[in-house]
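So you can see what is in the structure, the chains are spelled out below.
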Amino acid sequence: MLEYRVVVIGAGPAGLATLKALADAGVPAVCFDAGDRPGGLWVFGGPHSSAYRTLHLNTSRTRTEFADFPMPADWPDYPGHALIAGYLADYARTFDLARMIRPRHVVTRVRQNPAGGWTVTADGPQGTVEVTAEAVVVASGHNTVPRLPDPPHPGEPTAEQLHSHDYRGPEQLQGRRVLVVGGGNSAMDIAVDASHVAARTLLSVRRGIWIVPKYLFGKPSDTLNGALAKRLPWRARQRISQTMLRLAVGPPQRYGLPAPRHGFLQDHPTLSDALLPRITHGEIEVRPAITRFDGADVVFDDGRTDPVDLVVWCTGYRVDVPFLDPALLGEGADRLPLYRHVFHLDAPGLMFVGLMQSTGAALPVVEAQARLVAGHLAGSYAPPPVAAQREDCAAELRAARARWGDRRPAMRIDFDAYLDLAARELAAGRKRA
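The shown structure was predicted, so the numbers you read here are calculated from the model rather than taken from an experiment.

Trainee: What's the story with the side chain of H142 in this structure? I'm lost.
Mentor: Note on placement: H142 falls in the loop between β6 (127-138) and β7 (145-146). Polar contacts involving the side chain of H142 include one to the main-chain carbonyl oxygen of M356, which spans 3.0 Å. Leave out the neighbours within four places in its chain, and H142 touches Y317, R318, V319, G354, L355, M356, Q357 and M411.

If you want it as structure tokens, here you go:
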């Protein structure tokens, strides 16, 4: 007999949303989490956290909150990490989720049982534990294993190397000649931090990015795109958004940044109100891609050479699910076809919540995915036949490649379109159940 209906792996936002949806559906579950309290990456100083002291939301409060647990209306539009960690802790407390969570348990193996169900092995404070379950929900996130340039840049650098995963605050940058490498949100935040305390700040960006102010026309910028999403396809929204950005801040090239190769809404947005002013004030110097290292010097693609003391790699993360049999992951977790980005096509009972890259906030998406999981396990929702799931995944992948190219197309979702799709899927699956 199986010990549990469901094992949930991870108690960050995805795991908490899954536990809440399962409890609402009357499906008992247990959750293994590596941290000592719920919240995942938002718990500053947690075992896998990449949070830093100056971290704030890059999506606005009303577009980020769980639908059934609004953030306080008197909070700022872009709360800091401490407020978000507290919000997630309040969510767990309000819905009595902690009783289902086993903290400080690191899952080491998940295997499919020949007779059905799954066995989950985890290392905890009292040693190794092993449980069996009807289903497993992987909600452990994909921003914990730092990715560095591979192959490394030529040359032997003498500067200290730091990945953004290990960055905690501006004191690590104080008085140093800092090179920040990357074009995502963490790169912009860290470059701005460095510009206030470092002796010199360089920002190396190898490909064009759209820098989006956090406010446009007096409103959080993502709320404007959300309003357009209810009426227009993404191509039309792209044209309107690019026009608004040109009027508000001008093209990225105006600031020495490379021109984007892809249109707006075809990559993860980079939001910053502080970066462009720091560039125009001369406090951040933009550089192209790195050609090579030469001791303390860095040579860039435009021929310039600069001495640095510290390189901060803001180069993202590898999608790693080390506890699953590689046979279940095919060509890799970032290429795994999942029906509605949730259901494994070949392993009944194996589901994922949060294995995606959204054009907007994550919390509403994982909440929608959790409802699909809970409905399926409660018997109130059924996905279509596997053949139809495969066909749908293939069509979605083609559309994703047409929009996002080869940058993890299997994981990409349009925030507003996906929320609408998940709601329609849940309704359709109720009729199939």
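Trainee: Got a minute to help me understand the packing of aromatic side chains in this structure?
Mentor: Aromatic ring pairs: the centre-centre distance and the angle between the two ring planes describe each pair. This structure, assessed with the given rule, holds 12 aromatic pairs. Note on Y52 and Y167: the rings are 5.5 Å apart at their centroids and 55 degrees apart in plane angle, and the pair reads as tilted. Of the two residues, Y52 sits in the loop between β2 (29-32) and α2 (61-64) while Y167 sits in the loop between β8 (160-163) and β9 (177-181), which places them 115 residues apart along the sequence. Across the pair, Y167 and Y52 agree in class, each one buried. Ring-pair connections join several aromatic residues into one group, and the members of that group are F66, F69, W75, Y87, Y91 and F95. Positioned above the aromatic ring of F95 is the side chain of K20, whose terminal nitrogen or guanidinium carbon lies 4.5 Å from the ring centre.

Trainee: Sorry, what's going on with the environment of N185 here?
Mentor: Its place among the elements puts N185 in helix α4 (residues 185-197). When its relative accessible area of 13% is taken as the criterion, N185 is described as buried. Spatially, the C-alpha atom of N185 lies 8.1 Å from that of P269, the residues being 84 residues apart in sequence.

Trainee: What should I look at first to understand the sheet that holds β9 in this one?
Mentor: Consider a sheet: its strands pair through backbone hydrogen bonds, and that pairing is either parallel or antiparallel. Read across the sheet, five strands follow the order β8-β19-β9-β10-β15 without closing on themselves; strand pairing throughout is parallel. The sheet terminates laterally at β8 and β15 (285-287), the two strands that pair on one side only. Between one strand axis and the next, the sheet turns through 25 degrees on average, direction left out of account. The sheet contact formed by β9 and strand β10 (residues 200-204) spans five bridges and is parallel. Across the sheet, the residue bridging to L179 is L202, located in β10.

What counts and what doesn't
Just so you know, the residues in each chain are numbered from 1, in the order the chain's sequence is written. Given that this is a predicted model, residues contribute local features only at a pLDDT of at least 70 and side-chain atom pairs are listed and counted only at 80 or more, while totals for whole chains, interfaces and linings are drawn from all residues. As a rule here, side-chain values come from all non-hydrogen atoms in the structure, and water together with hydrogens is ignored. A run of H or I in DSSP counts as a helix once it spans at least four residues, and a run of E counts as a strand once it spans at least two, with each numbered from the N terminus. Distance and chemistry together define a polar contact, namely a pair of N or O atoms within 3.5 Å, with one atom able to donate a hydrogen and the other to accept it when in protein, and with adjacent residues in sequence counting only for side-chain atoms on both sides. Contacts: residue pairs with any heavy atoms within 4.5 Å of one another. For Phe, Tyr and Trp, rings pair up if their centres lie within 6.5 Å, where Trp contributes its six-membered ring, and each pair is then called stacked (planes under 30 degrees apart), edge-to-face (over 60) or tilted (otherwise). For every residue, the accessible area (1.4 Å probe, protein chains only) is compared with the maximum for its type, and the residue is labelled buried under 20%, exposed over 50%, or partly exposed between those bounds. Only lysine NZ and arginine CZ atoms are considered, and such an atom sits over a ring when it is within 6 Å of the ring centre and within 35 degrees of the ring normal. The rule for pairing is simple: two strands pair if DSSP sees at least two bridges between them. Here an angle of 0 to 180 degrees is reported between the N-to-C directions of two axes, which are lines fitted to C-alpha atoms, with helices fitted over the stretch in contact.

Coordinates in, geometry out; function isn't part of it.
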